[in-house]
Amino acid sequence: MDILNGIRVLDFGRYIAGPFCGALLGDLGADVIRIEKITGSEDRYTTPVNPGDPAGEVGANFLHLNRNKRGMTLNPKKDGAVEVLRRLIARTDVIIANLPQSGLKDIGIDYNSLTQIKADIILASSSAFGAGGPYLDKVGFDGVAQAMSGNMHMTGPADQPTRSFNPYVDFTTGALNTIAVLSALMHRNATGEGQEVQGALLASALTVGGASLIEEAMTGIGREASSNRGQTAAPSDTFKTLDGWVLVSAVGQPLYERWAKLMGEDEWLNDKRFATDASRGAHSVLISERMQAWTIERTTAEVIKSLEQARIPCGEVLAPKETLTHPQIGAMGYLEDVDYPGIGLFPMPRLPIEFSKLTRDASRPPPTLGQHTEEILKELSFTSNEIKAFRDQRII
């Protein structure tokens, strides 16, 4: 896909939010160069898929989030790295970094420093708490934003605040920063101006939880967690079957009426306690109890089949190993087999969007450590002797 053909991106991102933004831009055809430590950045090794491998561990998050990138090692704090960084920046359109402002300045990629080298550059920065306020320079991860946004309070059982296992805040931040970069590129095409776009984990978490915050501000309802049971409609819950679990989500009058018909009991339609989504949410325990009594007598396949026939949204609760072999997952073609040196084939989640007029290329594997360093330096007109000197000085 060549939507961003000719756009160069330097990806100083770490862990998830920054690298995911870089991966999406790479999916769209940008030349994304991942910059990391000489010994490899921390996220290269997090959650290894080959634990204990003497040839070097490789992390699952790294494999997931660094497709379609070239890889370069660089220590920007070394005195001799100044010229390397200057030439890189001079030929770059977008820089990605999920660091607080103090961290950006520390390695010379804050917006003011960048514009001294390339006036129309775009900096996509993201931090835990944004570019202002008392938490300006505090560090934080996805779970911190989940905790402070109200999400953990509303997740899990009432007496145990629970975070989402998958880091939705990080991925939301990366996706929103990608939108910001594309918008900034459009603005630059129209005006010639670059700019800094800033995302924040806490801002992303507040965005996802916006409706809950609005409700609380306007009503003071003071909701407490109720595990998987919904509080604004019913049946909306997970239910045990003879051989597993299913999730059911009936939101809105038509779906509720279909559910009542499936149960074969008119009282669910005639009782005023169940007249609206809100009132059903308030009495959702009763509805969940009835649904549980129905599902526990049936297999997961039988429950799913009956609910599908009634056109009620549902899905089986799958373990990751079951997700990998589910026929719908296979039919979507979303997981591509990609070969990485020393590991072999692994299922790479690709760009989760379909285009009717564009051809999607197969994903390129993430780079090995420093795989393209020499190639990139030669593009910047450094000689072989200079590159050797950089290695000797551990600049690269």
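Parameters and conventions
Residues numbered from 1 in each chain as written. Predicted model: local features only at pLDDT ≥ 70, side-chain atom pairs only at ≥ 80, totals over all residues. Heavy atoms only, no water. Core = buried A, V, L, I, M, F, W, Y, C linked by side-chain atoms within 4.5 Å. Buried < 20%, exposed > 50% of the residue type's maximum accessible area, 1.4 Å probe, protein only. Helix = DSSP H or I, 4+ residues; strand = E, 2+ residues; numbered from the N terminus. Contact = heavy atoms within 4.5 Å. Salt bridge = Lys/Arg side-chain N within 4 Å of Asp/Glu carboxyl O. 1 Å grid on protein atoms, 1.4 Å probe; cavity = no way out; pocket = protein on both sides within 12 Å on 5 of 7 lines; lining within 4 Å. Points joined across faces, edges and corners; volume = space filled by probe spheres on them. Nonpolar A, V, L, I, M, F, W, Y, C, P; charged D, E, K, R; others polar. Pairing = 2+ DSSP bridges. Axes fitted to C-alpha atoms, helices over the stretch in contact; angles between N-to-C directions. Patch = residues over 30% accessible without salt bridge, like charges linked within 9 Å, V, L, I, M, F, W, Y side chains within 5 Å. Areas by Shrake-Rupley, 256 points an atom, 1.4 Å probe, with all protein chains shown as cover.

Q: Explain the nonpolar core here, please?
A: The nonpolar side chains of a soluble globular protein tend to be buried with one another. Residues Phe12, Leu74, Leu88, Ile95, Ile109 and Leu377 are the most contacted members of the largest nonpolar core, which totals 27 residues. Elements that contribute at least two residues to this core include exactly β2 (31-36), α3 (82-90), β4 (94-97), α17 (373-379) and α18 (384-392). Among the elements that line this core, the one with the most residues is α3, at four residues. Filtering out sequence-adjacent residues up to four positions away, Ile95 remains in contact with Leu10, Phe12, Ile89, Ile109, Leu114, Ile121, Ile122, Leu123 and Ala124. Ala30, Ala124, Val181 and Ala184 belong to the second largest nonpolar core, which has 22 residues in total.

Q: Help me understand the pattern of salt bridges in this model?
A: When charged atoms on two side chains of opposite charge get close, those side chains can pair. As enumerated under the stated definition, the model contains 26 salt bridges in all. Note that Asp277 is salt-bridged to Arg280, the shortest N-O span being 3.0 Å. In this pair, Asp277 and Arg280 are both assigned in helix α12 (residues 277-282), three residues apart and thus about one turn of the helix distant. When its relative accessible area of 22% is taken as the criterion, Asp277 is described as partly exposed. As a salt-bridge pair, Glu354 and Arg350 come within 2.4 Å of each other at their nearest N and O atoms. Glu354 sits in the exposed class, given a relative accessible area of 58%.

Q: Please clarify how the layout of surface pockets should be interpreted in this entry.
A: Summary: where empty space remains is shown by rolling a probe the size of a single water molecule over the atoms. Taken as a whole, the largest pocket spans an internal volume of roughly 1,400 Å³. Every residue lining the largest pocket is counted, 36 residues in all, and those nearest its centre are Asn61, His64, Asn166, Pro167 and Phe171. For the lining of the largest pocket, the residue count by class is 22 nonpolar, eight polar and six charged. Lining the second largest pocket are 30 residues, with Phe12, Arg14, Glu42, Asn98 and Leu99 sitting closest to its centre. Residues that form the lining of the second largest pocket fall into these classes: 15 nonpolar, seven polar and eight charged.

Q: What is the right way to look at helix α1 (residues 17-27) in this model?
A: Residue pairs spaced three or four apart in an α-helix point in one direction, given the helix's 3.6 residues per turn. Burial of α1 is extensive: 11 of the 11 residues sit out of reach of the surface. Along α1, the residues classified as buried are Ala17, Gly18, Pro19, Phe20, Cys21, Gly22, Ala23, Leu24, Leu25, Gly26 and Asp27. Gly29 sits one or two positions beyond α1 and adopts a positive phi of about 105 degrees.

Q: It is not clear to me how the sheet that holds β2 should be interpreted in this structure. Could you clarify?
A: The strands making up a sheet associate through hydrogen bonds between their backbones, and the pairing can be parallel or antiparallel. Strand order in this open sheet of six strands is β3-β2-β1-β4-β5-β6, and the pairing throughout is parallel. With partners counted over all chains shown, the strands left at the sheet margins are β3 (69-73) and β6 (195-200), one partner each. Each strand axis lies, on average, 20 degrees off the axis of its neighbour in the sheet, ignoring direction. Two strands pair when backbone bridges link them, and strand β1 (residues 8-11) and β4 are joined in this way by three bridges, in the parallel orientation. Among the inter-strand pairings, Val9 is bridged to a residue of β4, identified as Val94.

Q: Can you help me understand empty space enclosed by the protein in this one?
A: Evaluation of the coordinates by the stated rule reveals one cavity of 30 Å³ or more. Of the voids in this model, the largest cavity is the one considered here, and its volume is about 50 Å³. Leu99, Pro100, Gln101, Ser125, Ser126, Ser127, Gly130, Ala131, Gln198 and Gly199 are the residues that line the largest cavity. Per element, the largest residue contribution to the lining of the largest cavity is three residues, and it comes from strand β5 (residues 122-127). Tallied by class, residues from the lining of the largest cavity come to three nonpolar, seven polar and no charged.

Q: Teacher, can you tell me more about a nonpolar patch on the surface here?
A: Together, Ile3, Ile353, Phe355 and Leu358 make up an exposed nonpolar region whose accessible area comes to about 320 Å². With respect to the helices, strands and loops of the structure, Ile353 is situated in the loop between β11 (344-349) and α17. Look at Ile353 and you get partly exposed, because its relative accessible area is 43%.

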